[in-house]
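# Observations on chain architecture
What follows is each chain in one-letter form.
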Amino acid sequence: QVQLVQSGGGLVQAGGSLRLSCAASTRAFSSFTMAWYRQAPGKEREFVAANSWSGSTDYAGSVKGRFTISRDNTKNTVYLQMNSLKPEDTAVYSCAAQVIGSVTYDFWGQGTQVTVSS
């Protein structure tokens, strides 16, 4: 069983920045696709960004150009740098890990609250 432990998040004013981290308890981290999802109150969980084991990245249109996903395979950690935050970015953010060959995300972090005030 892989554990994903998140850190970061909190309260920030609109236009500010935050960085989320997600550390995985596995030496196989470099073979995982890692992603960030978020869920706002009353809304369904939505995709934010992904970083595949090959290094390619993908972003939701709503965050492209403002958020950056990156990973450090030496630390088994994936990051989400969030800049130019907007009130509509307020949500619980969760990291997820997909084992190579899997069609779903197999492991999830505990979630962390990000609140952007206007």
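Relevant structure appears above.
Everything quoted here is computed from the prediction, not taken from an experiment.

## A look at the sheet that holds strand 3 (residues 18-24)
- The four strands lie next to each other as 1-3-8-7, forming an open sheet whose pairing is antiparallel. Each end of this open sheet is capped by a strand with a single partner; those strands are strand 1 (4-8) and strand 7 (67-72). Strand-to-strand twist in this sheet, taken as the mean axis angle between neighbours without regard to direction, amounts to 15°.
- As defined by bridge partners, strand 7 adjoins strand 8 (residues 77-82) across six bridges and the pair is classed as antiparallel.

## Some points on the packing of aromatic side chains
- A full pass over the atoms with the stated rule returns four aromatic pairs.
- Between Tyr-37 and Tyr-105 the ring centres are 5.7 Å apart and the planes differ by 75°, which places this aromatic pair in the edge-to-face class. Taken together, the residues Tyr-37 in strand 4 (residues 33-39) and Tyr-105 in the loop between strand 9 (91-98) and strand 10 (107-108) connect sequence positions 68 residues apart. Each member of the pair Tyr-37 and Tyr-105 is classed as buried.
- Aromatic side chains Tyr-105 and Trp-108 sit 6.3 Å apart centroid to centroid with 65° between the ring planes, which places their arrangement in the edge-to-face category.

## Some words on the layout of surface pockets
- Empty space within the largest pocket amounts to approximately 190 Å³.
- If you trace the largest pocket, you find 14 residues lining it, with Arg-38, Ala-40, Lys-43, Glu-46 and Glu-88 closest to the centre.
- In the lining of the largest pocket, the residues fall into three nonpolar, three polar and eight charged.

Cut-offs and rules
Residues numbered from 1 in each chain as written. Predicted model: local features only at pLDDT ≥ 70, side-chain atom pairs only at ≥ 80, totals over all residues. Heavy atoms only, no water. Pairing = 2+ DSSP bridges. Helix = DSSP H or I, 4+ residues; strand = E, 2+ residues; numbered from the N terminus. Axes fitted to C-alpha atoms, helices over the stretch in contact; angles between N-to-C directions. Phe/Tyr/Trp six-rings, centres within 6.5 Å; stacked < 30°, edge-to-face > 60°. Buried < 20%, exposed > 50% of the residue type's maximum accessible area, 1.4 Å probe, protein only. 1 Å grid on protein atoms, 1.4 Å probe; cavity = no way out; pocket = protein on both sides within 12 Å on 5 of 7 lines; lining within 4 Å. Points joined across faces, edges and corners; volume = space filled by probe spheres on them. Nonpolar A, V, L, I, M, F, W, Y, C, P; charged D, E, K, R; others polar.

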